[in-house]
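A structural walkthrough
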Amino acid sequence: MKSTKKQIQKGSIGILGIPFDQNSSFQKGPSLAPDRIRESYFSTSSNLWSEKGLDLGSIKHLYDLGDINFKENIDDFNLITDSVKNIIDQDCYLICLGGDHSVTFPIIKAHAQKYRHLNILHFDAHPDLYDSLDGNIHSHACPFARIMEKKLAARLVQIGIRTMNGHQREQAEKFGVEVNEIKNGDNFLNELEFEGPVYISLDLDCLDPAFAPGVSHHEPGGMTTRQVIDIIHHLKGKIIGADIVEYNPDRDLHSMTSMVAAKLLKEIIAKIYEDTI
Ligand code: MN
Ligand code: MN
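Cut-offs used in this document
All residue numbers refer to position in the chain's written sequence, counted from 1. Written order determines the labels here, with chains lettered from A and ligands numbered from 1. The predicted nature of this model means local features are confined to residues of pLDDT at least 70 and side-chain atom pairs, given and counted, to a pLDDT of 80 or more, with totals for whole chains, interfaces and linings taken over all residues. Hydrogens and water are ignored here; the side-chain numbers use all heavy atoms of the structure. The rule for donors is simple: an N, O or S atom within 2.8 Å of the metal counts, and for Na, K and Ca the reach is 3.2 Å. Water is not among the atoms, so a site may look short of donors. Runs of H or I in DSSP of at least four residues are treated as helices and runs of E of at least two as strands, each being numbered from the N terminus. Put simply, a salt bridge is a Lys or Arg side-chain nitrogen that is within 4 Å of an Asp or Glu carboxyl oxygen. For each residue, the accessible area found with a 1.4 Å probe, counting protein chains only, is set against the maximum for its type, and the residue is called buried under 20%, exposed over 50%, and partly exposed in between. Definitions used for this entry: grid spacing 1 Å over protein atoms alone; cavity, a set of points where a 1.4 Å probe fits but cannot get out; pocket, an open set with protein on both sides within 12 Å along at least 5 of 7 lines; lining residue, one with an atom within 4 Å of a point. Grid points are joined across faces, edges and corners, and a volume is the space filled by probe spheres set on the points. Ten residue types, Ala, Val, Leu, Ile, Met, Phe, Trp, Tyr, Cys and Pro, are classed as nonpolar, four, Asp, Glu, Lys and Arg, as charged, and the remainder, Gly among them, as polar. Residues enter a nonpolar core if they are buried and are Ala, Val, Leu, Ile, Met, Phe, Trp, Tyr or Cys, with the set joined through side-chain atoms within 4.5 Å. In this analysis, two residues are considered to be in contact whenever any of their non-hydrogen atoms come within 4.5 Å of each other. Multiplying 1.5 Å by the helix residue count minus one yields the expected span of that helix. Contacts described as polar in this section are N or O atom pairs within 3.5 Å, which, within protein, must combine one atom able to donate a hydrogen with one able to accept it, while residues neighboring in sequence count only if both atoms come from side chains. Think of it this way: DSSP has to see at least two bridges between two strands before they count as a pair. When the strands point away from the viewer, a crossover counts as right-handed if the route from the first strand across the helix to the second turns clockwise.

**Describing the coordination of the manganese ion (ligand 2)**
Bound to the manganese ion (ligand 2) on the protein side are Asp 124 (OD), His 126 (ND1), Asp 203 (OD), Asp 205 (OD) and Asp 205 (OD), at distances that span 2.2 to 2.4 Å. In this structure the manganese ion (ligand 1) is found 3.3 Å away from the manganese ion (ligand 2), and Asp 124 serves as a bridging donor for the pair. Of this pair, His 126 sits in the loop between β5 (119–123) and α4 (143–149) while Asp 205 sits in the loop between β8 (193–203) and α6 (225–234), and the two are 79 residues apart along the sequence.

**Side note on unusual backbone geometry**
A negative phi holds for most residues other than glycine; trans holds for most peptide bonds. The linkage connecting Gly 98 with the following residue, Gly 99, adopts the cis geometry, with an omega of 10 degrees. Within the chain, His 61 stands out as a residue other than glycine whose phi angle is a positive 65 degrees. Within the secondary structure layout, His 61 lies in the loop between α1 (33–41) and β3 (62–67). The phi dihedral of Ser 255 falls on the positive side, at around 60 degrees, and the residue is not glycine. Within the element layout of this structure, Ser 255 appears in the loop between β9 (236–245) and α7 (256–276).

**Regarding the coordination of the manganese ion (ligand 1)**
For the manganese ion (ligand 1), every protein donor is listed as His 101 (ND1), Asp 124 (OD), Asp 128 (OD) and Asp 203 (OD), and the spread of their distances is 2.1 to 2.2 Å. Of note, the donors binding the manganese ion (ligand 1) are all from one chain and are spaced H-x22-D-x3-D-x74-D.

**Brief notes about the pattern of salt bridges**
Summed over the entire model, instances satisfying the criterion amount to 14 salt bridges. Notably, a salt bridge pairs Lys 263 with Glu 51, separated by 3.0 Å at the nearest N-O pair. Of this pair, Lys 263 sits in helix α7 while Glu 51 sits in the loop between α1 and β3, and the two are 212 residues apart along the sequence. Since its relative accessible area comes to 32%, Lys 263 is described here as partly exposed. Here Arg 146 makes a salt bridge to Asp 131, at a shortest N to O gap of 3.0 Å. Of this pair, Arg 146 sits in helix α4 while Asp 131 is found in the loop between β5 and α4, placing the two residues 15 residues apart along the sequence. Salt bridges sharing common partners tie together Asp 35, Arg 38, Asp 64 and Asp 67.

**Regarding empty space enclosed by the protein**
Within the structure shown, the criterion is met by one cavity of 30 Å³ or more. Within this model, the largest cavity holds a volume of roughly 40 Å³. Tallying contributions element by element places α7 first for the lining of the largest cavity, with four residues. In the lining of the largest cavity, the residues fall into one nonpolar, two polar and four charged.

**Description of the nonpolar core**
Counting residues in hydrophobic clusters, the biggest one holds 86 residues, and the most contacted among them are Leu 121, Phe 123 and Leu 202. The biggest single contributor to this core is α7, with ten residues. In this structure Phe 123 touches Ile 159, Ile 200, Ser 201, Leu 202, Asp 203, Cys 206, Met 223, Val 228 and Ile 231, once residues within four positions along its chain are discounted.

**Looking at helix α2 (residues 76–88)**
Under the 1.5 Å per step criterion, the end-to-end length of α2 is 19 Å for 13 residues, consistent within 8% with the ideal 18 Å. Among all positions of α2, only Phe 77, Leu 79, Ile 80, Thr 81, Ser 83, Val 84, Ile 87 and Ile 88 are buried. The N-cap of α2, judged by a side-chain oxygen 3.2 Å from the amide nitrogen of Phe 77 a few residues on, is Asp 75.

**Some remarks on the pairing of strand β7 (residues 178–181)**
Where strand β6 (residues 155–161) lies against β7, four bridges are found, and the strand directions are parallel. The residue of β7 that forms the bridge with Ile 159 is Asn 180. The handedness of the β6 to β7 crossover, carried by helix α5 (residues 166–175), is right-handed.

Next comes the structure, spelled out in structure tokens:
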């Protein structure tokens, strides 16, 4: 992965850090995530090959674009949307490293301008469909309510969900969200086929806390790392972008969770590369 601040080549894959956790409702920490995930990505405890045999250390067109620099007096969400738009308008596929999950709304705003009929595959313990939480409509518990009410996605498919409540069930029905609650097993896998571009939004708390303790909200009964990787590998659809969010280094043990984030990053890069380049 080359570091660059320069113009990137058409058809490239870019990695952008979004060190932002102002909309976390419970604990701060995800703003520290991007550099920790980079460290684990390059850790010599592993290597830079994807499981399916792509050497990420040697491919061209893979760029680390650094982090968004948040400044006072500039609207944070507009800055995220503009930063993402600048990159994807160069015909580049972008993977963002959060940050709390609120960043997905401004990221999707930019993608929805570029891609018609955008599908979102959302991994999470939580539906994140609150109309507002603690008086904040941009809470990390709300991004998919904002996305769906603005009709930025044609289809929203959720996986790993295990905290559904009355309000969010109503919201899911109102917006036509395809919620696959984890209690119902994995029958949905056969239907995981998409027409048109697919964006993956990966909240690391979709995983069981045993696999990913470094998140703010420990919700037992979650997915295995293996399940998430298998879904990425077998997904029928063209991935055009992704985010990996909610990693909280303050809650991690021996970088276990940043290694998981880095592993999933490698597999998503490889999937985009195989599908598009
Ligand atoms: Mn989330
Ligand atoms: Mn979550």
